[in-house]
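# Fold and contact review
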Amino acid sequence: MRYRFHRPRLLAVWAFCALAAGCAQPGAPSAVPSGSAAFAPNAAPTPPVTAPVTIPYPYVNNWTTTTYSGPGSKGKTTPGSDTGVTTVKFAVDPKTGVYDVPETIASKSGYVEVLNSAIGFYRYRGGIAQIILSDNFSYVAGPFVQTGMDTYPQTQNSIDFPMTPGRAWSAAATHVSYTNAQLSGKGAYGQNSSVNENADGTYASQTNYSSTKGGANQDNYASTASVSLTAPSTYSLAMPAAGMNELTQTFALPAGGTIAVTNSGKRPLPAKRGTVKVKDWYPGGGALPSALYKDDFRVIGTATTPSTCKSRAGQSATHVVESFANLDPVAGSYNTYTADYYLLALAKGQFWFACIVENYTNDNYANGWVFAAGHWGGLTSHQVGTETLIASAVKAGTEARGIRPNVPVLPFPSLPFRVAPLVERGRAFR
């Protein structure tokens, strides 16, 4: 399951690409005891999923979005919803023990997203961990097509076993990614973006864009961003086809309740030169948080699945809670969610997610970015929603029965994944 946003940084100049996306985030008869032989310390580790297996997850996602036109605006609220089925498949290479996990999201609103992940189960901390090695995705919504890939130089830890109460871990990880987007027909364009992001959310990215008509380039731009926790963050934008010189924006660290945003460059520029003082909109106020990105998990223990899990309600499960937050000082966004995961033995050899309930909030601010709605430091949009995914009947194959995938020892860093994550959200059951 994807335990993070799929977040191409500053993927589009939003003035050109206003693709509406619902903020979705996923989502598995009695719970496997935390002290079971499969995950007991010093026991021969066994992955919780026996491949091949297919698990469909019908989902329901409801949200409201409130937009604000300026300081003091009361805001305009509109509801949104999406339903569909996310189908997760596990297959394993018996020679390497690496799992291939394609996840297909078929929405009734018309889009189809496929996320394909390479994962491994490795000995770690007296048990095993599910480790994401890389993933790639495709997203198709009518004439819009987007593809991309993430790689993890130090891997990404997504789930730890055994799930003893109080066990905690982080899924934040350094990653390198790219995305390609194409829109055909009216307003056609092509766009490429790449990002190198650290586990603390600091990153460097670049994007290039060109609108097209009949295959000919009509206009273009190029941009870069560099985001820091200890120094000013910067954004540059070059729009030569529009007759503009390169704009450089500097976002200072907060001081005295404000953030100084400075626009510089040789006129003409796509924004007015000079410095504005934007009200400090960062959570907590007064400073940036210790990390711009967090993705923390904690095992709560045995629980009864709630009524929101419907067909899976009232069952004994292992309850895991994820707390996610991502702040982008350049794009002016702050996204958070809390997800409750309930794991059950879905079938023989299949200890996975029976139900996931996620409550999320996505906020955008008038932070002075050239593509923001202003620089008053208040909200320009506020979105809250809940998504629920419930596992239906499991379809397990037989061709891999009796094959024990390799569970090698992986040399982790001493501080796992905390060393030097569209926009759009996706989900992956990994």
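This one's a predicted model, so the numbers in the text were calculated from it and none came from an experiment.

## Description of the overall build of the protein
A tally of regular secondary structure across the protein gives 0 helices and 21 strands. On the protein, roughly 17,400 Å² of surface is accessible, and the fraction owed to carbon and sulfur atoms is 56%.

## Structural notes on the pairing of strand β3 (residues 99-107)
Along β3, the buried face is formed by Tyr99, Val101, Glu103, Ile105 and Ser107; none of Asp100, Pro102, Thr104 and Ala106, which line the opposite face, is buried. Relative to β3, strand β2 (residues 76-92) is paired through 7 bridges, and the arrangement is antiparallel. Bridging across to β3, Ala91 finds its partner in Asp100. Between β2 and β3, which pair antiparallel and follow one another directly, the connecting turn spans 6 residues, one of which, Gly97, has a positive phi of 80°. Of the strand pairs in this sheet, β3 and strand β4 (residues 112-124) are connected by 8 bridges, and their pairing is antiparallel. Looking at β4, one finds that Glu103 is bridged to Leu115. What sits between the antiparallel neighbours β3 and β4 is a turn of 4 residues, in which Gly110 has the positive phi angle 115°.

## Things to note about the packing of aromatic side chains
Going through the model one piece at a time under the given rule, you end up with 18 aromatic pairs. Here Phe90 and Tyr99 contribute two aromatic rings whose centre-to-centre distance is 6.3 Å and whose plane-to-plane angle is 80°, an arrangement assigned as edge-to-face. When sorted by exposure, Phe90 lands in the same class as Tyr99, which is buried. With centroids separated by 4.7 Å and ring planes inclined at 10°, the aromatic side chains of Phe324 and Tyr337 adopt a geometry described as stacked. Highlighted residues: Phe324 in strand β17 (residues 316-328) and Tyr337 in strand β18 (residues 333-347), separated in sequence by 13 residues. Considered together, Phe324 and Tyr337 belong to a single accessibility category, that of buried residues. Connected via pairs of aromatic rings, a cluster forms that spans Phe90, Tyr99, Phe121, Trp169, Phe297, Tyr341, Trp352 and Phe353.

## Comments concerning unusual backbone geometry
Between Ala51 and the following residue, Pro52, the backbone shows a cis peptide bond with an omega angle of 0°. Structurally, the position occupied by Pro52 is in the segment before β1 (53-67). At the junction of Phe161 and Pro162, the peptide bond is cis and its omega measures out at 5° in the coordinates. Even without glycine at this site, Lys310 takes up a positive phi of about 50°.

## Side note on the pairing of β17
Within β17, 11 of the 13 residues are buried, which leaves the element mostly enclosed by the surrounding structure. The pairing of strand β16 (residues 293-304) with β17 spans 11 bridges and is antiparallel. Each residue of the ladder has a partner; that of Gly301, found in β17, is His319. Bridge analysis of β17 against β18 gives 11 bridges, and the strand direction is antiparallel.

## Points about the state of the cysteines
A full pass over the atoms with the stated rule returns 1 disulfide. Each disulfide pairs two cysteine sulfurs, and for Cys309 the partner residue is Cys355, the sulfurs being separated by 2.1 Å. In this structure the cystine formed by Cys309 and Cys355 twists about its S-S bond by roughly -85°; its chirality is therefore left-handed. Of this pair, Cys309 sits in the loop between β16 and β17 while Cys355 sits in strand β19 (residues 350-365), and the two are 46 residues apart along the sequence.

## Let's talk about the pattern of salt bridges
Summed over the entire model, instances satisfying the criterion amount to 2 salt bridges. Between Arg125 and Asp160 there is a salt bridge whose closest N-O contact spans 3.0 Å. With Arg125 in the loop between β4 and β5 (127-141) and Asp160 in strand β6 (residues 144-161), the pair connects residues that are 35 residues apart, well separated along the chain. For the salt bridge of Arg167 with Asp160, the shortest nitrogen-to-oxygen distance reads 3.9 Å. Look at Asp160 and you get buried, because its relative accessible area is 0%. The network of salt bridges with common partners includes Arg125, Asp160 and Arg167.

## A look at the environment of Asp160
Considered as a pair, Asp160 and Gly127 are 33 residues apart in the sequence and their alpha carbons are 7.6 Å apart. Beyond its immediate stretch of four places on either side in the chain, Asp160 contacts Tyr124, Arg125, Ile128, Ala129, Arg167 and Trp169. In this structure the side chain of Asp160 is engaged in a polar contact, spanning 3.0 Å, whose partner is the side chain of Arg125. There is a polar contact of 2.9 Å between the side chain of Asp160 and the side chain of Asn157.

## Concerning the nonpolar core
Membership of the largest hydrophobic core comes to 85 residues, with the highest contact counts inside it found for Tyr57, Phe90, Tyr235 and Trp352. Of the residues forming this core, the biggest block, 9 residues, is contributed by β19.

## Notes on the environment of Thr338
By the element assignment, Thr338 lies in strand β18. Along the backbone, Thr338 and Phe324 are 14 residues apart, and their C-alpha atoms lie at a distance of 6.4 Å. Sequence-distant contacts of Thr338, that is, excluding residues within four places in its chain, are made with Val321, Glu322, Val357, Glu358 and Asn359.

## Brief notes about the environment of Gly265
You can see Gly265 is positioned in the loop between β14 (258-264) and β15 (274-279). Once residues within four sequence positions are removed from consideration, Gly265 is found in contact with Glu246 and Arg273.

## Here we look at the confidence of the model for the protein
Of all residues in the protein, 81% attain a pLDDT of 70 or more, and the chain-wide mean is 82. Low pLDDT, under 50, characterises residues 1-44; the predicted model gives this stretch 183 contacts beyond four residues in sequence or across chains. Note on residues 398-430: pLDDT is under 50 here. Beyond four places in sequence and across chains, it has 138 contacts.

About the cut-offs
- Residues numbered from 1 in each chain as written.
- Predicted model: local features only at pLDDT ≥ 70, side-chain atom pairs only at ≥ 80, totals over all residues.
- Heavy atoms only, no water.
- Helix = DSSP H or I, 4+ residues; strand = E, 2+ residues; numbered from the N terminus.
- Areas by Shrake-Rupley, 256 points an atom, 1.4 Å probe, with all protein chains shown as cover.
- Buried < 20%, exposed > 50% of the residue type's maximum accessible area, 1.4 Å probe, protein only.
- Pairing = 2+ DSSP bridges.
- Phe/Tyr/Trp six-rings, centres within 6.5 Å; stacked < 30°, edge-to-face > 60°.
- Disulfide = S-S within 2.5 Å.
- Salt bridge = Lys/Arg side-chain N within 4 Å of Asp/Glu carboxyl O.
- Contact = heavy atoms within 4.5 Å.
- Polar contact = N/O pair within 3.5 Å; in protein donor to acceptor, adjacent residues only side chain to side chain.
- Core = buried A, V, L, I, M, F, W, Y, C linked by side-chain atoms within 4.5 Å.
- pLDDT = per-residue confidence, 0-100.

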